[in-house]
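These are the residues of each chain, in order.
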Amino acid sequence: ETLRLIANVRYQQGEHSAALAGYESAAATFRALGMWESLAGADLQREIAAVLMKLGDCAGARAKLDEAWATHSRIGTTSSFEAAALLRHSARMDLFLGDGVAAALKIREARGLHDVLGTKRSSEFASLCLLDGEVAKETGHSEEAAGYFEEAHAIFESLDMSGSRCAMKARKGIKDEAMRSFKSIEDRMFDRSALLRIMQRIGVDLTSEQLDSILARASGQGARPHEAFLTWVYEGPSG
């Protein structure tokens, strides 16, 4: 496990070649101890797939993802939290290869697992919501995408992870979809009801207090409501 933890740190630091070497050393230890066919072994296989994808070895990553799922199937853990994480990584691979339909199906399956497991407030589920938004956007369901990005951001914020890379990615997703929606002159008017209509259109549920805050910011800055909203999303309520 120590080798695996060190490899995880290398991966997070962007040192992907070093991370792969560490994961492979951990895999050799797992095999020697008879742990390769285990829940931890399947999760290590997923981690190896993730770093292979970062290194551009899509074929190797896909093979390792398939190996991990086969391991889960053999040991009876296809309904586990780790299996849900594997489905998310496999869906990301599908999206990368241009198969948004396959990605969406795996995301639905992973969502179902999180629902049963009661893990819908975890960072793993938030990452799944983020991916759901990316898939929806790529498959032409932009209005749904904003709702998924908002769902992801709300979870990251509840976990005190609002400054994380993933949370910032979720905020950018909300911002991009809001920009797409701000098309007409009516949308840009200094009007609370117009702003509410836009929020409903892009699937973002704001409280009355949040709306008041945005409109007050717009008034104080001499900005249009949509501009104040984008600042609120990207910089945070106190930005």
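A. Examining the nonpolar core more closely. Of all hydrophobic cores here, the largest spans 37 residues; its most connected members are Leu195, Leu206 and Phe229. For this core, the secondary-structure elements that each account for two or more residues are α5 (81-96), α6 (100-117), α7 (123-138), α8 (142-158), α9 (165-181), α10 (192-201), α11 (208-221) and α12 (225-235). Take this core: its biggest share by element is 8 residues, from α7. The next biggest cluster of nonpolar side chains, apart from the first, holds 18 residues, and it includes Tyr23, Ala49, Leu65 and Met93.

B. Main features of α7. Counted at 1.5 Å a residue, the expected span for α7 with its 16 residues is 22 Å, and the 23 Å between its end C-alpha atoms agrees. Counting buried residues in α7 gives 13 out of 16 residues, a clear majority hidden from the surface. Directly beyond the C-terminal end of α7, a positive phi value near 85° is found at glycine 140.

C. Up close: the packing of α7 against α8. Relative orientation of the contacting elements α7 and α8 amounts to 165°, with a least axis distance of 8 Å. Relative to α8, α7 is oriented roughly antiparallel. Considering the relative orientation of α7 and α8, their crossing is left-handed. Counted together, Ser123, Phe125, Ala126, Ser127, Cys129, Leu130, Asp132, Gly133, Glu134, Ala136 and Lys137 of α7 and Ser142, Glu144, Ala145, Tyr148, Phe149, Glu151, Ala152, Ile155 and Phe156 of α8 form the full contact between these two elements. Residues of the contact of α7 with α8, tallied by class, amount to 11 nonpolar, 4 polar and 5 charged.

D. The packing of aromatic side chains, seen in detail. If you walk through the whole model with that rule in mind, you get 0 aromatic pairs. When the ring centre of tryptophan 36 is taken as reference, the NZ or CZ atom of arginine 31 above it lies at 4.2 Å.

E. Up close: the side chain of threonine 71. Counting through the fold element by element, threonine 71 comes out in helix α4 (residues 58-75). The contact partners of threonine 71, leaving out residues within four places of it in the chain, are Trp36, Glu37, Ser38, Ala42 and Gln45.

F. A look at the packing of α6 against α7. Two elements in contact, α6 and α7, have axes whose closest approach is 10 Å; the angle formed by their N-to-C orientations is 155°. Of the possible angle classes, the one that applies to α6 and α7 is roughly antiparallel. Relative to α7, the crossing made by α6 is left-handed. Side by side, α6 and α7 meet where Gly100, Ala103, Ala104, Ile107, Arg108, Ala110, Arg111 and His114 of the first sit next to Glu124, Phe125, Leu128, Cys129, Leu131, Asp132 and Val135 of the second.

Cut-offs used in this document
Residues numbered from 1 in each chain as written. Predicted model: local features only at pLDDT ≥ 70, side-chain atom pairs only at ≥ 80, totals over all residues. Heavy atoms only, no water. Core = buried A, V, L, I, M, F, W, Y, C linked by side-chain atoms within 4.5 Å. Buried < 20%, exposed > 50% of the residue type's maximum accessible area, 1.4 Å probe, protein only. Helix = DSSP H or I, 4+ residues; strand = E, 2+ residues; numbered from the N terminus. Expected span 1.5 Å × (residues − 1). Axes fitted to C-alpha atoms, helices over the stretch in contact; angles between N-to-C directions. Parallel < 35°, antiparallel > 145°, perpendicular 65-115°, else oblique. Left-handed = near helix turned anticlockwise from the far one by under 90°. Contact = heavy atoms within 4.5 Å. Nonpolar A, V, L, I, M, F, W, Y, C, P; charged D, E, K, R; others polar. Phe/Tyr/Trp six-rings, centres within 6.5 Å; stacked < 30°, edge-to-face > 60°. Lys NZ or Arg CZ within 6 Å of the ring centre and 35° of its normal.

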